[in-house]
Amino acid sequence: MNNKAIIGANIFDAEKTHKNSALLLSDGKIIAIVADHEVPSEYEVISVDGGTLTPGFIDLQVNGGGGVLLNDEPTIDGIRTICDAHAKFGTTSLLPTLITDDFDNTKRAIEAGIEAHKQNVPGFLGLHLEGPHLSTQKKGAHDPSLIRKMTDEDVKILIDGRKNLPNLMITVGIETVTLQQIKVLSEANIIVSLGHTNCTYEQAVEASESGATCATHLFNAMSPLTHREPGLVGAAINEGAFFCGLIADGHHVHPAPLSIALAAKRGPGKAFLVTDAMSTIGTDLTSFTLNDRTIYRNNGILTLENGTLAGADLDMISAVLNIQKLTDMDPEEAIRMATLYPAQCMGISGHIGTLNSGASADIIHIGTKNEIKNVWRRGQQLH
């Protein structure tokens, strides 16, 4: 039977919580939320044991998972492995993310993403290209020898790729792109995010006026907020157009600036959670390589040999729980940061990130101990 009704848990649709209700789904789509005694007779009833049903998590920055790093395996199989690894932790839609790499590997990642889209790989939302057009001053763990200015050929490849991808986000630094390039890319429906840049507040505002709409992992690898030069941090918080990703692992950002940013953030742009996860998620790996450099995993922290943070050892359900602990956030708002807000950032909140009628049946069941008990991706139950 294709029609299913899930009962037995509270239902949080990304706006409000419904009690004593049933979630109806059919053909991979949400049909409605109804009173549990109003389930139509033709629906198969699936009963769960307490907890809460929420939209599936959305992660816009995922470098790897399941032992695979997109840079090392820019293939449809690599993408599938990453998507499946994160599904276990409640992420039903994600952007596999390519960290700064050479021209050929970037092209391979785009080609793999196009093929993943053609084959309708579950969980694949599109691509995020984090570099190579960044600032060497704020390179973080990115290989400085691969960082370079954006060329006309790069712009063409990105626009051509977007035509065949469901979504495309790029992280760029003001130092290596022009305002005209940002304008052209944003007009081609590419989400332009500022990150790994030492830009001024004024430069960030100009980029926003040219079409940039996001800031990549707020606070990390960007010009800081100071009293006379607010930098990209100040622009991301103060300029309403910016959405901003946050890595809530307790290592990338101290709780105090997290709380300050969330309290001060102007809308309509929102702060949302990202994992910045590497290949370690879902594995027992203690180290791996990126651009021929070893990255070490130790007590939930990933670093280069010199101690530079290199991505995060973080899954999304942990990020949702962490942001509540680190900032005393309401649980429903924490879930919005992993569902509704990233969907809004990408301009697709009518399709995912909610449990409204017509949205994709991407659903997670969070148990009473805040564990992931069940996951449905496009209406198919995974566990």
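Data block above holds the structure.
Calculation notes
- Residues numbered from 1 in each chain as written.
- Predicted model: local features only at pLDDT ≥ 70, side-chain atom pairs only at ≥ 80, totals over all residues.
- Heavy atoms only, no water.
- Helix = DSSP H or I, 4+ residues; strand = E, 2+ residues; numbered from the N terminus.
- Rg over C-alpha atoms; globule rule 2.2 N^0.38 Å.
- Areas by Shrake-Rupley, 256 points an atom, 1.4 Å probe, with all protein chains shown as cover.
- Lys, Arg positive; Asp, Glu negative; His and termini not counted.
- Charge placed at Lys NZ, Arg CZ, Asp CG, Glu CD.
- Buried < 20%, exposed > 50% of the residue type's maximum accessible area, 1.4 Å probe, protein only.
- Polar contact = N/O pair within 3.5 Å; in protein donor to acceptor, adjacent residues only side chain to side chain.
- Contact = heavy atoms within 4.5 Å.
- Expected span 1.5 Å × (residues − 1).
- Pairing = 2+ DSSP bridges.
- Axes fitted to C-alpha atoms, helices over the stretch in contact; angles between N-to-C directions.
- Salt bridge = Lys/Arg side-chain N within 4 Å of Asp/Glu carboxyl O.
- 1 Å grid on protein atoms, 1.4 Å probe; cavity = no way out; pocket = protein on both sides within 12 Å on 5 of 7 lines; lining within 4 Å.
- Points joined across faces, edges and corners; volume = space filled by probe spheres on them.
- Nonpolar A, V, L, I, M, F, W, Y, C, P; charged D, E, K, R; others polar.

Let's shift gears to the overall build of the chain. Secondary structure assignment for the chain yields 10 helices and 23 strands. The C-alpha radius of gyration computed for the chain amounts to 20 Å, which stays within 12% of the reference 21 Å derived for 383 residues, consistent with globular compactness. Oriented by its inertia axes, the alpha-carbon framework of the chain measures out at about 60 × 45 × 40 Å. Accessible surface for the chain amounts to roughly 15000 Å². Of this, 48% is attributable to carbon and sulfur atoms. Side chains of the chain carry 29 positive and 44 negative charges; the gap between the two charge centres is 2 Å.

In this fold, H128 is placed in strand β12 (residues 127-130). A relative accessible area of 1% places H128 in the buried class. Here L60 takes part through its backbone oxygen, which lies 2.9 Å from a polar atom of the side chain of H128. With residues near it in sequence (within four places) discarded, H128 still touches L60, Q61, L95, P96, T97, L98, M169, I170, T171 and T216.

We now examine helix α2 (residues 103-118). A rise of 1.5 Å per residue sets the reference length of α2, with its 16 residues, at 22 Å; its end C-alpha atoms lie 23 Å apart and thus fit the reference within 8%. Those residues of α2 not exposed but buried are N105, T106, A109, I110, A112, G113, I114 and A116. N-capping of α2 is provided by D102, with a side-chain oxygen placed 3.3 Å from the backbone N of D104. Just past α2, the residue N120 takes up positive phi, approximately 55°.

Time to look at the sheet that holds strand β4 (residues 21-26). If you trace the 4 strands from one edge of the open sheet to the other, you get β5-β4-β1-β6, paired in mixed fashion. Of all the strands in the sheet, the pair left with one neighbour each is β5 (29-35) and β6 (44-47). The average undirected angle you get between the axes of adjacent strands in this sheet is 25°. Relative to β5, β4 runs antiparallel, the two being bridged by 6 bridges. Bridging from a neighbouring strand, L24 pairs with A32 of β5.

Let's shift gears to the pattern of salt bridges. Applying the stated criterion across every chain, the model contains 8 salt bridges. Two residues, R377 and D84, come together in a salt bridge whose shortest N-O distance is 2.9 Å. Here D84 lies in helix α1 (residues 76-87) and R377 lies in strand β22 (residues 372-377), a separation of 293 residues in the sequence. With relative accessibility at 8%, the residue R377 sits in the buried group. A relative accessible area of 33% places D84 in the partly exposed class. The partner of D313 in a salt bridge is R297, with the nearest N and O atoms 2.8 Å apart. Here D313 is found in the loop between β20 (301-303) and α8 (316-327), whereas its partner R297 is found in strand β19 (residues 293-298), with 16 residues between them in sequence. Taking the relative accessible area as the measure of exposure, R297 reaches 22% and is therefore partly exposed.

To continue, consider the layout of surface pockets. Computed from the structure, the largest pocket encloses a volume of approximately 420 Å³. As for the largest pocket, its lining consists of 21 residues, and the residues nearest its centre are F124, L125, I352, S360 and R378. Those elements giving two or more residues to the lining of the largest pocket turn out to be β11 (91-99) and α2. Looking at side-chain class alone, the lining of the largest pocket contains 7 nonpolar, 9 polar and 5 charged residues.

In short, geometric facts, not functional conclusions.
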